[in-house]
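Structural overview for review
Here's the letter readout for the chains.
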Amino acid sequence: MSLMRSLLLAASQNLWLREHATRYSFVRGAVSRFMPGETLDDAMGAAEALQDKKIGTVFTHLGENIKDRDEAQEVAGHYIVVLERIKQEGLQAEISVKLTQLGLDLSPDLCFEHLNAIIARAQKDSIVWVDMEASNYVDATLDVYRRALAAHPNVGICLQAYLHRTREDLTKLLSLRPSIRLVKGSYNEPPEIALARKQVVYENYFELGKLMLLAKTENRYVRAAFGTHDVSLIQRLAGFANAEGFAKKDFEVQMLYGIQRAEQERLANEGCTSIVLVAYGSYWYPWFVRRLAERPANLWFMVRNVFAS
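Each chain carries its own residue numbering, running from 1 in the direction its sequence is written. Reporting of local features is limited, given that this is a predicted model, to residues whose pLDDT is at least 70; pairs of side-chain atoms are given and counted only at 80 or more, and all residues count toward the totals for whole chains, interfaces and linings. Only hydrogens and water are removed before side-chain values are computed, so all heavy atoms of the structure are retained for them.

Considerations on the layout of surface pockets
Throughout, the protein atoms alone are placed on a 1 Å grid, and a set of points is a cavity if a 1.4 Å probe fits but cannot get out or a pocket if it is open with protein on both sides within 12 Å along at least five of seven lines; lining residues have an atom within 4 Å of a point. Grid points are joined across faces, edges and corners, and a volume is the space filled by probe spheres set on the points. Computed from the structure, the second largest pocket encloses a volume of approximately 440 Å³. Glu-94, Asp-125, Ser-126, Ile-127 and Arg-223 are the residues nearest the centre of the second largest pocket, which is lined by 26 residues in total. Elements are defined by DSSP. Helices are runs of H or I of four residues or more, strands are runs of E of two residues or more, and each kind is numbered from the N terminus. For the lining of the second largest pocket, the secondary-structure elements that each account for two or more residues are β1 (56-61), α5 (69-89), β2 (93-97), β6 (223-227) and β8 (273-280). Across the lining of the second largest pocket, the residue classes break down as ten nonpolar, seven polar and nine charged. Each residue is assigned to one class: nonpolar for Ala, Val, Leu, Ile, Met, Phe, Trp, Tyr, Cys and Pro, charged for Asp, Glu, Lys and Arg, and polar for all the others, Gly among them.

Remarks on the sheet that holds strand β7 (residues 252-256)
We treat two strands as partners when DSSP finds at least two bridges between them. Pairing within the closed barrel is parallel, and its eight strands lie in the order β1-β2-β3-β4-β5-β6-β7-β8. Neighbouring strand axes in the sheet, compared pairwise and without regard to direction, differ in orientation by 25 degrees on average. The pairing of β7 with β8 spans five bridges and is parallel. Within the sheet, the bridge partner assigned to Val-253 lies in β8 and is Ser-274. Angles shown run from 0 to 180 degrees and are taken between the N-to-C directions of axes, each axis being a line fitted to C-alpha atoms and, for helices, limited to the stretch in contact.

Quick word on the nonpolar core
Buried Ala, Val, Leu, Ile, Met, Phe, Trp, Tyr and Cys residues that are joined via side-chain atoms within 4.5 Å together make up what is termed a nonpolar core. Partly exposed describes any residue whose relative accessible area lies between the buried limit of under 20% and the exposed limit of over 50%, with all areas from a 1.4 Å probe on protein chains only and scaled to the type maximum. Residues Phe-59, Ile-86, Ile-95, Leu-102, Leu-115 and Ile-118 are the most contacted members of the largest nonpolar core, which totals 84 residues. It only takes one pair of heavy atoms within 4.5 Å for two residues to be counted as in contact. With residues up to four places along the chain from it excluded, the contact list for Leu-102 reads Ala-72, Val-75, Ala-76, Val-97, Leu-110, Cys-111, His-114, Leu-115 and Ile-118.

Quick look at the packing of aromatic side chains
Where two aromatic rings form a pair, the distance of their centres and the angle of their planes describe that pair. Whether two aromatic rings pair depends on their centres lying within 6.5 Å, for rings of Phe, Tyr and Trp, where Trp uses its six-membered ring; planes under 30 degrees apart make the pair stacked, over 60 edge-to-face, and the rest tilted. Here the structure, examined in full by the defined rule, presents two aromatic pairs. Seen in terms of ring centroids, Tyr-205 and Phe-226 are 6.4 Å apart; in terms of plane orientation they differ by 50 degrees. Their pairing is tilted. With Tyr-205 in helix α9 (residues 198-217) and Phe-226 in strand β6, the pair connects residues that are 21 residues apart, well separated along the chain. When sorted by exposure, Tyr-205 lands in the same class as Phe-226, which is buried. When the centroid spacing of 5.8 Å and the interplanar angle of 35 degrees are considered together, the rings of Phe-226 and Phe-251 count as tilted. With Phe-226 in strand β6 and Phe-251 in the loop between α10 (231-243) and β7, this pair connects stretches of sequence that are 25 residues apart.

A look at the pairing of β1
Strand residues, when the strand is regular, have side chains that alternate between the two faces of the sheet. With five of six residues buried, β1 is to be regarded as a mostly interior element. Bridge count for β1 against β8 is six bridges, and the pairing is parallel. Residue pairing for β8: Phe-59 is matched across the bridge by Val-278. Relative to β2, β1 is paired through three bridges, and the arrangement is parallel.

Brief notes about helix α11 (residues 261-269)
Among all positions in α11, only Glu-263, Gln-264, Leu-267 and Ala-268 are buried. All buried residues of α11 fall inside an arc of 135 degrees around its axis, so they share one side. Exposed positions of α11 whose direction lies more than 90 degrees from the buried face are Ala-262 and Asn-269. Packing partners of the buried residues in α11 comprise α10, β7 and β8. Looking one or two residues beyond α11, the residue adopting positive phi is Gly-271, at roughly 95 degrees. Throughout, the arc means the angular range of directions from the helix axis out to the C-beta atoms.

Digging into the side chain of Thr-60
As for its placement among the helices and strands, Thr-60 is situated in strand β1. Sequence-distant contacts of Thr-60, that is, excluding residues within four places in its chain, are made with Tyr-79, Ser-96, Asp-131, Leu-277, Val-278, Ala-279 and Tyr-280.

Pasting the structure below:
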């Protein structure tokens, strides 16, 4: 892992920086590259603009590690409101939730109740995505996901390619006919838990991606989505999918708002399923710094903002 990435991941967990960095206008200006605003209305507006370009949306309300029952209930209620807004406004949109936002630190049963209530209100032809968090939450997240999937087919899980355990987790999930979004991973993990070198993570992602695509040809998935901004990786996976006879619409790529916009539009124009994750909310600092850690060159964007202000 590069020194800069390590420093950024450490900074994402620093409470002092979380409190103070959000006060600076140049930081908030940089954040606007990755999220359209802090409110649900801001996110809805972005989704409408994306839909005009044949690009779908996944909404995520930023926040994690909630340890108050009322606050966890409030988050669950908010997501139900989001689902109602999606239906009312006819948006091609889904949601993605963090289980620690729904009370996983309080009780897995409480968390499952909240997630179950959310999925029950979602449209049956859409997916409620469950984000994967740091490695110490993987087992608990998968347990809750399996419970939810037993009750609802329209729930998906995120897996992280940099974890040593992910191939085994992926293989075990295949018998349940899941929906899976594969990402590289963005938490600061020790080498005994996660792959450290960028190229090794890249190759592992590609191998896991091939496994997902092959399983999809056997109808062992509902949805197989690739959450990456790595254009060369997307092209390699698209080539493999094409060789396996995939229809364009069955090749799904999910990216973050504001990153690789030209690639998002290219995929949509070619008939692939192009989806953008639109984040919003006031709890954006740790999420934003992890985005910088994924590509430390984005720090130059912040530097330009400083001199432009």
